[in-house]
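Structure assessment
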Amino acid sequence: MNRLGIESPRGLVAFAALTGCLVAMAVAALTGAGGVFAAAGLAGCGCELLLHRTAPGLMTRLGRLHMGATSRFEFRCVLLLLLLGRLHVTGPIGLAAAMTLVLCLLAGQALHAALTTLIRRRRALAVAARNIDLRRLDISDRPPRRLTEWPGQRILVYELSALLGLTASLTTGDARWVVAALTLAAGSSLITVVALVPYLVRATRRLPGAAEVLAEVDAWLIRHRPRTVLYFSGPRDRADQVTRWLGPVAALHTPSLVILRERELLEALEPTPLPVLCVPSAAHLSQLDLSGVRVALYPANTGRNIHLLRIPTMQHVFLAPGDGDETAAVDPYSKVYDQVWVAAEAGRRRYVRAAVGVEEADIVEIGRPQLDGLHVAGAGHAPAPTPTATPLPTVLYAPTRDLAAGEPIVRALLETERPVRLLYRPHPPAGHRSPEDHAAHRRIVALIQAANERRATEALAANALGKGAFTADAVSADALAAEALGGDAVAPDAFGEEPDDAQPPDTDAPHTDTPHTEALRAEAARHRAELTKRMAALDARLRRADADEAMLTRDRAAPDPALLTEAEGLRREWHQAHWAASPPWLHQVIEGDAPTLHSCFDQADLLIGDPSDVVGDFLATLKPYALTVPAGLDEEEFRRQNVMARAAYPLGPGASGMQNLLRPLFDPSLDELRTARREVREFLLGPATPPSIQRFTDAVDALAEKGEAVVRLRDLHTASPPGAGRWSITR
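Residues numbered from 1 in each chain as written. Predicted model: local features only at pLDDT ≥ 70, side-chain atom pairs only at ≥ 80, totals over all residues. Heavy atoms only, no water.

1. Digging into the overall build of the chain
Secondary structure summary: the chain contains 27 helices and 16 strands in total. Scored against the burial criterion, the 731 residues of the chain give a buried share of 48%. Here the analysis covers contacts within the chain between residues at least 6 apart in sequence; of these, 72% occur between residues at least 24 apart. Accessible area for the chain stands at about 34800 Å²; split by element, carbon and sulfur atoms hold 58% of it. (Helix = DSSP H or I, 4+ residues; strand = E, 2+ residues; numbered from the N terminus. Buried < 20%, exposed > 50% of the residue type's maximum accessible area, 1.4 Å probe, protein only. Contact = heavy atoms within 4.5 Å. Areas by Shrake-Rupley, 256 points an atom, 1.4 Å probe, with all protein chains shown as cover.)

So this is what it looks like as structure tokens:
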């Protein structure tokens, strides 16, 4: 079904029914069965509406195959005329009138599509912007959405009108009903065309051209003089490559600017206080006055980077991705940059060993600024004996490939002798990359659902008998829920340590959820639902559906600090409420963007994964982790090939070694790799002090000073010698 773009069985049934309705209408038109034609047409309208809601991907694919809503509508109009000719209900004059009205209706649809396309293209400014004041350009409003969008639904209204008129004519034998219905549909179509004409005139006469827009952007650049540029070009699904650097760049002490090259990236970009320019054309980018920029940061190696690399007054930096040993992360193209910034010694050695032309003196270690906010296990304290944020130890399973190999891992975690809580969070593309991975993902989800049902049954039985189903910490469960609701209950601090005046829980005593705990959890669930609605409303304010790109460029003249602060606060509250709303023994399947991966890190006591950046990020927490060893690879060879494996507990094929892996969760003294994790973290991510964000800021400042020196030297070399213009060499 996914290959067709159908997401649910209901969508598949609707698609099959729509196909059947079209066939039935064709047969009815040829045989003159008016009642069957009308019934099939009405049923087809219902199927079309259902598919628009449940399978928009299918509608898009049909459009690419020239079988979209307009083509299907034209086909049904031809069938309607054929039916009217077969029935002889309208007579020659009525049939001619019906044909004329159908032609007017089709012409109106064509004109509407043409006007909509012209308006959309004319309103596409040479440069789109966010948080940049371009209000002097006097950009007009776009046409209302009801005039330009939802063409499929609008066509359905016209078709429904014609079918109802046909039904009335068949019932009464009066052809005027179908003619009146067609008149109404054609008139409505022409009215929408007439309503669009003023917007086309306004877009043609009032919207600024490329020269005017670029001049206004240059004026803004001269006023604000950004010193650092974060530059990115790529598809929408790679927007996270630039999003992860928005926070560090926003923390710089000097003005900065984000430059994007694809318009779709503006929609995918997270809200930020940084000024953002989207410049699709290389010619327009070359006309911008970026002479004040001293440092350009590139999070990705793409061909369109050359359009900014040509500017000699900038120092160009490649932000090298990843912290592992993959040679794919090293590209000979990197030598075009003035510097390459890596996380730590591992990145430096990777480039030196690859010998791709990058000088070691041009490699700078900055750490990973994005990981500074993660909670570090036992920071400043001895390791906590057991996790106290939830009654059961939490294992995060985050595979990025080969989900079929993950099925025995999940099964083993669900059947451990001492219970744990499982968070299953596959990397977003995983489970959708291949039919095999998708099938394995469904099987894993079914295993987790069955385990949750068993645990719920056991918990209910234990509550009825007054006994505990699992070893638990009632105090911490209450504290977590109370914290999510803004309460004052005793809760662990950020590093898993309890306040000095808190009494340690009796972890060996059985526990059942008290009515107070259940009430707190229910209240947290209600609070999460309320926060979800508030976040959706705030997102609607940030990403206005009624505004197009030109209007957003005009209206987003400056960042709204209060709005950004509110959004960040809502996200933080939502995550607290999410974890508090679920029973502490409940396994969770996490797909999509929420909860975030870093939020899952804070919940987890152990990570199981494969060598990837996910494990590299988790290493910053200093919590234990396990890596799956590929079949046929010796454990020693696996450790030799992967630096991360040197501080990881190995997990063989078929989840062999699972019991030994889980023992440190219940007895931290058995954690033999604590020291190794610190060493590997420093090798892959850099030292804990100074913070990565400080190293990043210092690197930007140092390179900007170097850039200023280079510009002064270039100006000195290009300056006219004294007396130039007064003397000739021939004198």
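2. Describing the environment of Val410
Structurally, Val410 can be placed in helix α16 (residues 407-414). Note on Val410: relative accessible area 0%, which makes it buried. Sequence separation between Val410 and Ile444 is 34 residues, and the spatial gap between their C-alpha atoms is 6.9 Å. In this view, Val410 contacts Tyr397, Leu422, Ile444 and Ile448; residues no more than four positions away in its chain are not counted.

3. A few points about a nonpolar patch on the surface
A cluster of nonpolar side chains, contributed by Leu42, Leu160 and Leu164, occupies part of the molecular surface with about 240 Å² of accessible area. Positionally, Leu164 belongs in helix α7 (residues 151-172). (Patch = residues over 30% accessible without salt bridge, like charges linked within 9 Å, V, L, I, M, F, W, Y side chains within 5 Å. Salt bridge = Lys/Arg side-chain N within 4 Å of Asp/Glu carboxyl O.)

4. Concerning the pattern of salt bridges
Note that side chains of opposite charge can pair when their charged atoms are close. This structure, assessed with the given rule, holds 25 salt bridges. When the shortest N-O distance is used, the salt bridge between Glu48 and Arg72 registers 2.7 Å. Taken together, the positions of Glu48 in helix α2 (residues 34-54) and Arg72 in helix α4 (residues 69-87) put the pair 24 residues apart, joining distant regions of the chain. Taken as a pair, Glu48 and Arg72 share a single burial class, namely buried. Members of the salt-bridge network, linked through shared partners, are Glu48, Arg72, Arg76 and Glu159.

5. Some remarks on the sheet that holds strand β3 (residues 256-260)
Reading across the sheet, the eight strands line up as β1-β4-β3-β2-β5-β6-β7-β8 and stay open at both edges, with mixed pairing between neighbours. Every interior strand has two partners, whereas the edge strands, β1 (128-130) and β8 (363-365), have only one. Ignoring which end each strand starts from, the neighbouring axes of this sheet average 25° apart. Here strand β7 (residues 339-342) runs beside β8; their pairing, made up of three bridges, is parallel. The residue of β8 that forms the bridge with Val340 is Ile363. (Pairing = 2+ DSSP bridges. Axes fitted to C-alpha atoms, helices over the stretch in contact; angles between N-to-C directions.)

6. Quick look at α16
In terms of residue burial, α16 counts as a mostly covered element, since six of its eight residues are buried. Along α16, the positions that sit buried rather than exposed are Glu407, Ile409, Val410, Ala412, Leu413 and Leu414.

7. Quick look at the side chain of His112
With respect to the helices, strands and loops of the structure, His112 is situated in helix α5 (residues 91-122). Among the polar contacts made by the side chain of His112, one reaches the main-chain carbonyl oxygen of Leu147 at a distance of 2.5 Å. For His112, the side chain forms a polar contact with the side chain of Arg154, separated by 3.4 Å. Setting aside its immediate chain neighbours within four residues, His112 contacts Leu147, Thr148, Arg154, Thr192, Val193 and Leu196. (Polar contact = N/O pair within 3.5 Å; in protein donor to acceptor, adjacent residues only side chain to side chain.)

8. As for the packing of aromatic side chains
Inspection of the entire model under this criterion finds eight aromatic pairs. Pairing Tyr298 with Tyr337 gives two aromatic rings, centres 5.3 Å apart and planes at 55°, and the pair type is tilted. Of this pair, Tyr298 sits in strand β5 (residues 295-298) while Tyr337 sits in the loop between β6 (315-319) and β7; the two residues are 39 residues apart in sequence, bridging distant segments of the chain. Of the two residues, Tyr298 and Tyr337, neither departs from the other in class, the shared state being buried. (Phe/Tyr/Trp six-rings, centres within 6.5 Å; stacked < 30°, edge-to-face > 60°.)

9. Examining the packing of α2 against α7
Closest axis-to-axis distance for the α2/α7 pair is 10 Å, and the angle between their directions is 160°. Here α2 lies roughly antiparallel to α7, going by the angle between them. Classified by chirality, the crossing of α7 by α2 is left-handed. In contact with Gly34, Gly35, Phe37, Ala38, Gly41, Leu42, Cys45, Glu48, Leu49 and His52 of α2, α7 contributes Gly152, Gln153, Leu156, Glu159, Leu160, Leu163, Leu164, Leu166, Thr167 and Leu170. Of the residues in the contact of α2 with α7, the class split is eleven nonpolar, seven polar and two charged. (Parallel < 35°, antiparallel > 145°, perpendicular 65-115°, else oblique. Left-handed = near helix turned anticlockwise from the far one by under 90°. Nonpolar A, V, L, I, M, F, W, Y, C, P; charged D, E, K, R; others polar.)

10. Re the sheet that holds strand β14 (residues 606-609)
A sheet is described by the order of its strands in space; here six strands give the open sequence β13-β10-β9-β14-β15-β16, paired in parallel fashion. Each end of this open sheet is capped by a strand with a single partner; those strands are β13 (588-589) and β16 (649-651). Bridge count between strand β9 (residues 394-397) and strand β10 (residues 421-424): four bridges; the pairing is parallel. By the bridge assignment for β10, Val395 is matched with Leu422.

11. Looking at the nonpolar core
One finds Ile608, Tyr625 and Met658 to be the most contacted residues of the largest nonpolar core, which totals 59 residues. For this core, the leading source of residues is helix α17 (residues 435-465), giving six residues. Every residue in contact with Tyr625, bar those within four places of it in the chain, is listed here: Leu606, Leu607, Val615, Phe618, Leu619, Met644, Ala647, Ala648, Tyr649, Arg677 and Val680. (Core = buried A, V, L, I, M, F, W, Y, C linked by side-chain atoms within 4.5 Å.)

12. Observations concerning unusual backbone geometry
With the exception of glycine, most residues fall at negative phi, and the peptide bonds are largely trans. At the junction of Thr689 and Pro690, the peptide bond is cis and its omega measures out at -5° in the coordinates. For Pro690, the location among the structural elements is in the loop between α26 (674-685) and α27 (692-718). Not every positive phi belongs to a glycine, and Asp138 is a case in point at roughly 55°. Its place among the elements puts Asp138 in the loop between β1 and α6 (145-148).

13. Some details on the confidence of the model for the chain
Note: predicted coordinates in regions of low pLDDT should not be interpreted at a detailed level. Overall, the predicted model of the chain reaches an average pLDDT of 81, with 85% of residues at or above 70. Throughout residues 471-512 the model reports pLDDT below 50, and contacts reaching past four residues in sequence, or to other chains, amount to 75 contacts. Counted against residues more than four places away or in other chains, residues 725-731, with its pLDDT under 50, gives one contact. (pLDDT = per-residue confidence, 0-100.)

14. Brief notes about the packing of α7 against helix α8 (residues 176-205)
Look at α7 against α8: their axes get within 7 Å of each other, and the N-to-C directions meet at 165°. Considered as vectors, α7 and α8 are oriented roughly antiparallel to each other. The element α7 and its partner α8 pack so that their crossing is right-handed. Between α7, through Arg154, Tyr158, Ser161, Ala162, Gly165, Leu166, Ala168, Ser169 and Thr172, and α8, the contact on the second element is made entirely by Trp177, Val178, Ala181, Leu182, Leu184, Ala185, Ser188, Ser189 and Thr192. Partitioning the contact of α7 with α8 into residue classes produces ten nonpolar, seven polar and one charged.

15. A closer look at the side chain of His587
Of note, His587 is situated in the loop between α21 (561-581) and β13. Ignoring sequence-local partners within four residues, the contact set of His587 consists of Leu414, Val420, Arg421, Leu422, Ile448, Ala451, Asn452 and Arg455.

16. Describing the pairing of β5
In β5, alternate side chains face the same way, and those of Val295 and Leu297 on one face and Ala296 and Tyr298 on the other are all buried. Alignment of strand β2 (residues 228-232) against β5, held across three bridges, turns out to be parallel. Each bridged residue has a counterpart across the sheet, and for Thr228 the counterpart in β5 is Val295. In terms of strand pairing, β5 meets β6 through four bridges, oriented parallel. Looking across to β6, one finds that Tyr298 is bridged to Phe318.

17. With respect to the environment of Arg202
Considering the arrangement of structural elements, one finds Arg202 in helix α8. The exposure class of Arg202 is partly exposed, given its relative accessible area of 30%. For the pair Arg202 and Arg142, spaced 60 residues apart in sequence, the C-alpha to C-alpha distance is 9.5 Å. When residues no more than four places from it in sequence are discounted, the contact partners of Arg202 are Ser140 and Leu207.

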